[in-house]
Amino acid sequence: MKEKLIAFERLLNIMDDLREKCPWDKKQTIASLSHLTIEETYELVDAIIEEDMDGLKKELGDVLLHIVFYARIASETNDFDIADVINALCEKLIVRHPHIYGDVTAENEQQVKENWEKIKLKEKGNTSVLSGVPKSLPALVKSLRIQDKVKGVGFDWETPEQVWKKVEEEMGELKEEVAKQDKQKMESEFGDVLFSLINYARFIGVDPEAALEKTNKKFTKRFQHMEDDINAEGKQLSEMSLEEMEKYYNKAKELKG
């Protein structure tokens, strides 16, 4: 524990030095850092998806730096400091885990989630189960969070089979609108299909964001290998037919998996 406290104090001291002496760090504001924080968070997720533990350690450090940076800036205007951030977090964790720090019983993960959502509803400003879902989340991630939230109060399907039936129902409705070529309704039904597929992913224990990103990377790897093979033979991708390209792509699938 002592080593951890020493390391954290070292980071705080370095942050103080940077804020006071570095021209770039001195100019930063909470607003100017926000887009960089989003970028760092995505890089953290990349490391998680790649199962890159060295990268994960680095990216966690970058995210931690941003937390410390925000707190340092806020301390300059006497709004709060890093101790306030940590203490507020500790108090929230204690309040939201009454099965650990109180007399509430929670025998499984689902009961913990249900208690968590009930407590959040009682907190000041929370008038809806969904009020804690950030508006700026990417749509796919937001869908998953919405579904997790309503599950916490018991609004959920009972079996994966029920959810898959809903997927098939939504796909049927999408096909009907595609046949009619009503763009607005096509968009609406396509959204319903995605939402139901994300729901199904949740039921079978698959992270839809991670799954899609892995597919993105798999396709990119195969396509780039296909390009390399085509270029090596002195051919132009833009001048090839789809049938020709498919032969190279299938070869890449066999080699790259």
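Just above sits the structure.
Residues numbered from 1 in each chain as written. Predicted model: local features only at pLDDT ≥ 70, side-chain atom pairs only at ≥ 80, totals over all residues. Heavy atoms only, no water.

Now for the pattern of salt bridges. Evaluated as defined, the whole model comprises 14 salt bridges. Asp148 serves as the salt-bridge partner of Arg145, at 3.9 Å between the closest nitrogen and oxygen. With Arg145 and Asp148 both in helix H8 (residues 139-151) and three residues apart, the pair spans about one turn of that helix. Salt-bridge contacts for Glu233 lead to Lys235; the nearest nitrogen and oxygen are separated by 3.5 Å. For Glu233, a relative accessible area of 45% puts it in the partly exposed group. What you see here is one network of salt bridges that share partners, running through Asp16, Arg19, Glu20, Arg72 and Glu76. (Salt bridge = Lys/Arg side-chain N within 4 Å of Asp/Glu carboxyl O. Helix = DSSP H or I, 4+ residues; strand = E, 2+ residues; numbered from the N terminus. Buried < 20%, exposed > 50% of the residue type's maximum accessible area, 1.4 Å probe, protein only.)

Once that is clear, we can look at the packing of helix H1 (residues 2-21) against helix H4 (residues 53-76). Packing of H1 against H4 leaves a shortest axis separation of 10 Å and a crossing angle of 60°. Considering their axes alone, H1 and H4 lie oblique with respect to each other. Our pair here, H1 against H4, has a crossing hand that is right-handed. Residues Phe8, Leu11, Leu12, Met15, Asp16, Arg19 and Glu20 of H1 form the contact with H4, whose participating residues are Leu64, Leu65, Val68, Phe69, Arg72, Ile73 and Glu76. Taken together, the residues of the contact of H1 with H4 sort by class into nine nonpolar, no polar and five charged. (Axes fitted to C-alpha atoms, helices over the stretch in contact; angles between N-to-C directions. Parallel < 35°, antiparallel > 145°, perpendicular 65-115°, else oblique. Left-handed = near helix turned anticlockwise from the far one by under 90°. Contact = heavy atoms within 4.5 Å. Nonpolar A, V, L, I, M, F, W, Y, C, P; charged D, E, K, R; others polar.)

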